[in-house]
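Examining the three-dimensional arrangement
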Amino acid sequence: SDVAGPLFNRGRRRDRPILSVGSTMSDRILSPRDEAVVGIRACMVAYSHYPDDPRVSREARTLDRAGVEVDVICLRGDGQPIRENIEGVEVYRIPLATRPGSRHRYAWQYGTFFLLATAALSRAWRRRRYDIVHVHSLPDFLVFASALPRAFGARIILDLHEAMPEILAARFRLENDASLVRVARALERASAAFADEIFVVNDTIRNLLVSRGIPPHKLAVLPNTPDEEAMPLVSRQFLVDRYGLQGEHAIVVAGGLNPERDIETLIRSIALPPLAGSVDLLLLGRGDPKYLAGLRALAEGLGLRKRVVFGGFVPHAEAMSLLSLSDVGVVTLVENPITRLGLPNRLFEYAMLGKPLVVPRLPAIESFVGSDGYYYRPGSPEDLAAAIANALNGSTPSMRTELERRYGAWRWADVSRRLLEAYRRAKPRAARSQEVHAACT
């Protein structure tokens, strides 16, 4: 029970200006419509790293700007402090080392984090009396860490980054009727029943959950669109000076580097005749050392040592600046049960920046991009090379205009209002206390 002591043994309210909903500038003031959010205390729980997880940090920043007091309980990464205040958000990190592995390893890691997060959240709630507990999945059952706050009236939000049954089927190559997948579906239903509201990342996953019996009124779609914050301006010369990229064209990819992202196919594609000798690739982000070593060996074997550069992790604003220098927006994915449902962050980031999109032909992605992108068959470097070449040579103003129109309906400035509306439905601690007092008199 002492796990959360160092962070939460405090009283605090930050003295700082309150910003408007969806604002991208720090000097805007709350409108009357937004004032109801002020006074809410919330705790986010995430089996991920903060601020590295873009969805968690984007939502936390938006809530903080709107006047919500936000704490985050998450994993601790290498070199990160146990406790830290990041742009007004109080972060407590649980020192648990995680890595990919077998089913038993995932079960142990999820279970250990669940127990530690439950202890941390329960201890924090006794001091902070949260109005909302906002739990990010995976795993879905992490929502049960909020049992104590829920028993005393806190509103519980379950934020589903992915569909857990599908990701288990993809990760361990299981059939839909495998016992582990059936257990995951049962936990999904139980977790959804426990939560007051559920966020999902797109309509494809929403429809899937409804087909499994989850009430539609509980579900709200919050896509992974980027917060359009100011980003430092950099010139193309920056790629030359810092990374040594001197090709005619540059492709910049930022985010987690893992097998599901199928970076191998992208590396192979730039060695093929349509692109060979003219395209440089900059890869930004973290990944398993063994996987990254394999990518480097692949690039070396294809004679691309100087054309494929691993830039490591960079902060989000800097990553966006570098993405703006990419000639095309390339999204690569393997095909599996979860990628058929997903709309990755990179897709929206490239769309926001107005880049011609090169994407795998997968159902959810195709529903967003429509006819305004260049498609390739997942796993085919030849197809990918042709699609990139077409995007470099054939992108038209009308395609970019239509993509911008499609993206306009997903902008975070508008989507974030759904997030804040959910928070307005929570009754602040003071209001609940008044109701209790009135009932007793």
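This one's a predicted model, so the numbers in the text were calculated from it and none came from an experiment.

Procedures and definitions
Positions within a chain are numbered from 1, following the residues in the order the chain's sequence is written. For this predicted model, a pLDDT threshold of at least 70 governs which residues receive local features, and a threshold of 80 or more governs which side-chain atom pairs are given and counted, while totals over whole chains, interfaces and linings are taken from all residues. Side-chain descriptors were evaluated using all non-hydrogen atoms of the structure, hydrogens and water having been removed beforehand. Strands here are runs of E lasting at least two residues and helices are runs of H or I lasting at least four, both read from the DSSP assignment and numbered beginning at the N terminus. The buried label goes to any residue with under 20% of its type's maximum accessible area, the exposed label to any with over 50%, and the partly exposed label to all in between, with areas taken from a 1.4 Å probe on protein chains only. Contacts between residues were defined by any pair of non-hydrogen atoms, one from each residue, lying within 4.5 Å. Method for areas: the Shrake-Rupley scheme with a 1.4 Å probe, in which residue coverage is limited to the protein chains shown. Counted as salt bridges are all cases of a side-chain nitrogen of Lys or Arg within 4 Å of a carboxyl oxygen of Asp or Glu. In this scheme Phe, Tyr and Trp rings, the latter by its six-membered ring, pair at centre separations within 6.5 Å, and the angle between planes marks the pair as stacked below 30 degrees, edge-to-face above 60, and tilted otherwise. The rule is short: NZ of Lys or CZ of Arg within 6 Å of the ring centre and within 35 degrees of the ring normal puts a charge over the ring. Put simply, buried Ala, Val, Leu, Ile, Met, Phe, Trp, Tyr and Cys residues joined by side-chain atoms within 4.5 Å make one nonpolar core. Every axis corresponds to a line fitted to the C-alpha atoms, with the helix fit spanning only the stretch in contact, and the corresponding angles, defined between N-to-C directions, vary from 0 to 180 degrees. Roughly parallel refers to an angle under 35 degrees, roughly antiparallel to one over 145, roughly perpendicular to one between 65 and 115, and oblique to any angle outside these ranges. Crossing handedness follows the turn of the near helix against the far one: under a right angle anticlockwise gives a left-handed crossing, and clockwise gives a right-handed one. In this classification, Asp, Glu, Lys and Arg are treated as charged, Ala, Val, Leu, Ile, Met, Phe, Trp, Tyr, Cys and Pro as nonpolar, and every other residue, Gly included, as polar. Think of a polar contact as two N or O atoms within 3.5 Å of one another; within protein, one of them needs to be a possible hydrogen donor and the other a possible acceptor, and neighboring residues in sequence only count if both atoms come from side chains. A score from 0 to 100, pLDDT tells how confident the predictor is in each residue. At least two bridges found by DSSP between two strands is the condition for calling them paired. Take the residue count of a helix, subtract one, and multiply by 1.5 Å to get its expected span.

Time to look at the overall build of the chain. A count of helical and extended segments in the chain gives 17 helices and 14 strands. Buried positions account for 54% of the 441 residues belonging to the chain. Once local pairs closer than 6 in sequence are excluded, the contacts in the chain between residues at least 24 apart make up 71%. When the accessible area of the chain is evaluated, it comes to approximately 18600 Å², of which 53% is carbon and sulfur surface.

This part covers the pattern of salt bridges. Under the definition given, this model contains 20 salt bridges. Of the charged contacts in the structure, one is a salt bridge between arginine 155 and glutamate 197, with a shortest N-O distance of 3.1 Å. Pair noted here: arginine 155 is in strand 6 (residues 155-160) and glutamate 197 is in strand 7 (residues 197-200), with a separation of 42 residues, a long-range link. Exposure class is identical for arginine 155 and glutamate 197. Each is buried. A salt bridge links aspartate 383 to arginine 377; the nearest nitrogen and oxygen atoms lie 3.4 Å apart. The exposure class of aspartate 383 is partly exposed, given its relative accessible area of 26%.

Let us now look at the packing of aromatic side chains. In total, this model carries twelve aromatic pairs according to the counting rule given. Ring plane angle 70° and centroid distance 5.8 Å describe the contact between phenylalanine 114 and phenylalanine 141, whose orientation is recorded as edge-to-face. Taken as a pair, phenylalanine 114 in helix 3 (residues 103-128) and phenylalanine 141 in the loop between strand 5 (132-137) and helix 4 (147-151) lie far apart in primary sequence, 27 residues in all. An aromatic cluster of three or more residues is present, and its members are Tyr47, Tyr106, Tyr110, Phe113, Phe114, Phe141 and Phe172. The ring of phenylalanine 172 has arginine 103 sitting right over it, with the charged end atom 5.8 Å from the ring centre. For arginine 361, the ring lying beneath its charged end belongs to tyrosine 375, and the centroid distance is 4.2 Å.

Along the chain, the position of arginine 189 falls in helix 6 (residues 179-194). Separated by 25 residues in the primary sequence, arginine 189 and isoleucine 214 place their C-alpha atoms 6.8 Å from one another.

A few words now on the nonpolar core. Counting residues in each nonpolar core, the largest one holds 63 residues, and the members touching the most others are Tyr243, Ile267, Leu281, Leu347, Val358, Phe368 and Ile388. Other than its neighbours up to four places away in sequence, valine 358 contacts Gly329, Val330, Val331, Tyr374, Tyr376, Leu384, Ala387, Ile388 and Ala391.

A few words now on the packing of helix 11 (residues 316-323) against helix 12 (residues 345-352). At a minimum axis separation of 10 Å, helix 11 and helix 12 run at an interaxial angle of 60°. Compared by their axis directions, helix 11 and helix 12 come out oblique. Crossing handedness for the pair helix 11 and helix 12: right-handed. Contact residues: helix 11 offers His316, Met320 and Leu323, while helix 12 offers Glu349, Tyr350 and Met352. A breakdown of the residues in the contact of helix 11 with helix 12 according to their chemical character gives four nonpolar, one polar and one charged.

A word on the side chain of aspartate 159. Note on placement: aspartate 159 falls in strand 6. Among the polar contacts made by the side chain of aspartate 159, one reaches the side chain of histidine 134 at a distance of 2.9 Å. Setting aside anything within four residues of it in sequence, one finds aspartate 159 in contact with Arg55, Glu59, His134, Val135, His136, Ser137 and Phe199.

To continue, consider the confidence of the model for the chain. Averaged over all residues, the pLDDT of the chain is 86; the fraction at 70 or higher stands at 87%. Taken together, the stretch residues 1-35 has pLDDT below 50 and engages in 88 contacts with residues farther than four places along the chain or on a different chain. pLDDT under 50 marks residues 436-441. Its contacts with residues more than four places away, or in other chains, come to zero contacts.

On to the sheet that holds strand 1 (residues 41-49). Sheet architecture is open: eight strands sit in the order 3-4-2-1-5-6-7-8, paired in mixed fashion. Each of the sheet's edge strands pairs with one partner strand only, and the pair in question is strand 3 (83-86) and strand 8 (219-221). Each neighbouring strand pair of the sheet contributes to a mean axis angle of 20°, computed without reference to strand direction. When strand 1 meets strand 5, the two strands line up parallel, connected through five bridges. When the sheet's bridge partners are listed, alanine 42 is paired in strand 5 with isoleucine 132.

A few words now on helix 14 (residues 381-394). Helical geometry: 3.6 residues make up each α-helical turn, so side chains three or four residues apart lie on a common side. Over its 14 residues, helix 14 runs 19 Å from end to end, which matches the ideal 20 Å to within 8%, given 1.5 Å per residue. When we look at burial in helix 14, the residues that qualify are Pro381, Leu384, Ala385, Ala387, Ile388, Ala389 and Ala391. At its buried positions, helix 14 is contacted by strand 9 (249-254), helix 9 (263-269), strand 12 (329-330), strand 13 (357-360) and strand 14 (374-376).

Between helix 2 (residues 54-65) and helix 16 (residues 412-424), the least distance of the axes is 10 Å, while the angle of their chain directions is 70°. In terms of their interaxial angle, helix 2 and helix 16 are classed as roughly perpendicular. Here helix 2 contributes Arg58, Glu59, Thr62 and Leu63 to the contact with helix 16, which in turn contributes Trp412, Ser416, Leu419, Leu420 and Tyr423. Residue composition of the contact of helix 2 with helix 16, grouped by class: five nonpolar, two polar and two charged.

Our focus in this paragraph is the pairing of strand 4 (residues 89-94). Burial analysis of strand 4 places six of its six residues in the buried class, which makes it a mostly covered element. By the alternation rule, side chains of strand 4 split into Val89, Val91 and Arg93 and Glu90, Tyr92 and Ile94, which are all buried. Across five bridges, the pairing between strand 2 (residues 69-75) and strand 4 is parallel. Of the residues in strand 4, the one forming a bridge with aspartate 71 is glutamate 90.

A word on helix 12. Judged by how many residues are buried, helix 12 sits mostly within the fold: seven of eight residues are covered. All of the buried residues along helix 12 are Asn345, Arg346, Leu347, Phe348, Glu349, Tyr350 and Ala351. Of the residues flanking the end of helix 12, it is glycine 354, one or two places downstream, whose phi is positive at about 75°.

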